[in-house]
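Descriptive structure summary
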Amino acid sequence: MPLAFGDLQGCRTPFQRLLAKAAPPAGTPLWFAGDLINRGAESLATLRDIIALGDRAVPVLGNHDLHLLSVSAGIRKSKKGDTIDDILAAPDADDLLEWVRHRPIAHYENGMLMVHAGVVPQWDVNLTLELADELQRALRAPNWKETLAGLYGNEPSLWTPNLKGIERLRVTCSALTRVRFCSAEGAMDFSSSGGLNAAPPGCMPWFDVPWRKTADVTVVFGHWAALGLMLRDNLIGLDSGCVWGEKLSAVRLAQIPAERTLTQVQCDNCRSSGGN
Ligand SMILES: [Mn+2]
């Protein structure tokens, strides 16, 4: 069964320590819940490590990975605290960015669905995969820059099946790569990036909407450092704040919850000096 890692965000040394500590059998698939790079000190080396794993690595794209593509395409400006310059300046930057751009947005195998941020309650696994595929294909198409530029923004915040074009792609991207909280009706709210006690009025974590249609599978996700490690029978939240000086987590996945095992390492000084 795969070993799933939380957000690396360029924290290469903790990643290597955690991989050595978890010591998965040779050939074990390594899943990565997105945000492979940015904010940590070694974005380029981390990205190279993952690429070198070849087919053994199964990453999904996170908001920081998309931000890298946007900065490289001139769609967005680099922000304070970004640590992506080493990737953009690499002699083989084009190949690295091409690799990132062709990664999946969602991955499903053996009853386990991995996305970076979350899903809205209206989606079951099949619809989630269908929408992720639409977004993946749009990001691989010749006009991908136009698509990427159109993905930013908080509206529409509520998924409806009649959405078309860039609005459909945007709501898909918002859920899969950015969501934390939503209303009981499934409308996403991006006003808080805090933990469980920081829910916007009338909102709850996306995974706590009672009628969520992915509740019958195990959703593996990252993105939400303020939430911390979250292990439930049908939910594995892996971002335990490595880049914030806390922990990097990996869970040996299994369909039976009791067979899952958690390995963690403490992360110190992961962030680039002077970064924000
Ligand atoms: Mn993220």
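This text gives an overview of the structure that appears in the document.

What follows concerns the coordination of the manganese ion. Taken together, Asp35 (OD), Asn63 (OD1), His116 (NE2) and His223 (ND1) make up the protein donors of the manganese ion, found 2.1 to 2.3 Å from the metal. Sequence spacing of the donors to the manganese ion: D-x27-N-x52-H-x106-H. One end of the pair, Asn63, is in helix α3 (residues 63–72); the other, His223, is in the loop between β9 (218–221) and β10 (230–232), and 160 residues separate them in sequence. Residue class for Asn63 comes out partly exposed when judged on its relative accessible area of 24%. Residue His223 is classed as buried on the basis of its relative accessible area, which comes to 8%.

Here we take up the sheet that holds strand β7 (residues 188–189). The antiparallel open sheet is built from three strands, whose spatial order is β7-β6-β8. Every interior strand has two partners, whereas the edge strands, β7 and β8 (203–205), have only one. Bridge count between strand β6 (residues 181–183) and β7: two bridges; the pairing is antiparallel. For Phe181, the partnering residue across the bridge sits in β7 and is Asp189.

The subject of this paragraph is helix α2 (residues 43–52). Burial within α2 is extensive, with seven of its ten residues counted as buried. Listing the buried residues of α2 in full gives Ser43, Leu44, Ala45, Thr46, Leu47, Asp49 and Ile50. Looking at the buried side of α2, the elements it contacts are α1 (12–22), β2 (30–32), β3 (57–59), α4 (85–88) and α5 (93–101). Looking one or two residues past α2, Gly54 carries a phi angle of roughly 60°, positive in sign.

Within the largest apolar cluster, 74 residues are counted, with the highest numbers of intra-cluster contacts made by Phe5, Phe32 and Trp206. Ranked by size, the runner-up nonpolar core spans twelve residues in total, among them Val58, Met112, Leu238 and Val251.

Take the packing of α1 against α2 next. Contact geometry of α1 with α2 gives a least axis separation of 9 Å together with a crossing angle of 35°. Here Arg12, Phe15 and Gln16 of α1 lie close against α2, whose contacting residues are Ala45, Thr46, Asp49 and Ile50. Of the residues contributing to the contact of α1 with α2, the split by class is three nonpolar, two polar and two charged.

Reading across from one edge, β4-β5-β9-β11-β10 is the order of the five strands in this open sheet, with mixed pairing throughout. The strands lining the two open edges of the sheet, one partner per strand, are β4 (106–109) and β10. Mean inter-strand twist for the sheet, computed between neighbouring axes without regard to direction, equals 15°. With three bridges connecting them, strand β5 (residues 112–115) and β9 associate as parallel partners. In the sheet register, Met114 faces β9, and the bridge partner there is Val220. Sheet strands in contact with helix α6 (residues 125–140) are β4 and β5, and its direction is about 140° off that of β4.

Moving on: the pairing of β9. Alternating positions in β9 separate into two faces, Thr218 and Val220 on one and Val219 and Phe221 on the other, with burial throughout. Looking at chain direction, β9 and strand β11 (residues 235–237) are connected through three bridges and run parallel. When the bridges of β11 are listed, Phe221 appears paired with Gly237.

So, on to empty space enclosed by the protein. If you walk through the whole model with that rule in mind, you get one cavity of 30 Å³ or more. By volume, the largest cavity amounts to about 30 Å³. As for the largest cavity, its lining consists of Leu36, Pro59, Val60, Leu61, Asp65, Trp99, Val100 and Arg103. The residue makeup of the lining of the largest cavity, split by class, is six nonpolar, no polar and two charged.

Counted as a void, the largest pocket has a volume near 620 Å³. Taken together, 28 residues form the lining of the largest pocket, with Asn63, His64, Arg178, Arg180 and His223 sitting closest to its centre. When residues in the lining of the largest pocket are grouped by element, the largest group, four residues, is from α3. Taken together, the residues of the lining of the largest pocket break down into eight nonpolar, ten polar and ten charged.

This part covers the pattern of salt bridges. Across all of its chains, the model carries seven salt bridges by this definition. The salt bridge involving Asp49 is made with Arg12; its shortest N-O contact spans 2.9 Å. Of this pair, Asp49 sits in helix α2 while Arg12 sits in helix α1, placing them 37 residues apart in sequence.

Reading the values: rules and limits
- Residues numbered from 1 in each chain as written.
- Predicted model: local features only at pLDDT ≥ 70, side-chain atom pairs only at ≥ 80, totals over all residues.
- Heavy atoms only, no water.
- Donors = N, O, S within 2.8 Å, 3.2 Å for Na, K, Ca; no water.
- Helix = DSSP H or I, 4+ residues; strand = E, 2+ residues; numbered from the N terminus.
- Buried < 20%, exposed > 50% of the residue type's maximum accessible area, 1.4 Å probe, protein only.
- Pairing = 2+ DSSP bridges.
- Contact = heavy atoms within 4.5 Å.
- Core = buried A, V, L, I, M, F, W, Y, C linked by side-chain atoms within 4.5 Å.
- Axes fitted to C-alpha atoms, helices over the stretch in contact; angles between N-to-C directions.
- Nonpolar A, V, L, I, M, F, W, Y, C, P; charged D, E, K, R; others polar.
- 1 Å grid on protein atoms, 1.4 Å probe; cavity = no way out; pocket = protein on both sides within 12 Å on 5 of 7 lines; lining within 4 Å.
- Points joined across faces, edges and corners; volume = space filled by probe spheres on them.
- Salt bridge = Lys/Arg side-chain N within 4 Å of Asp/Glu carboxyl O.

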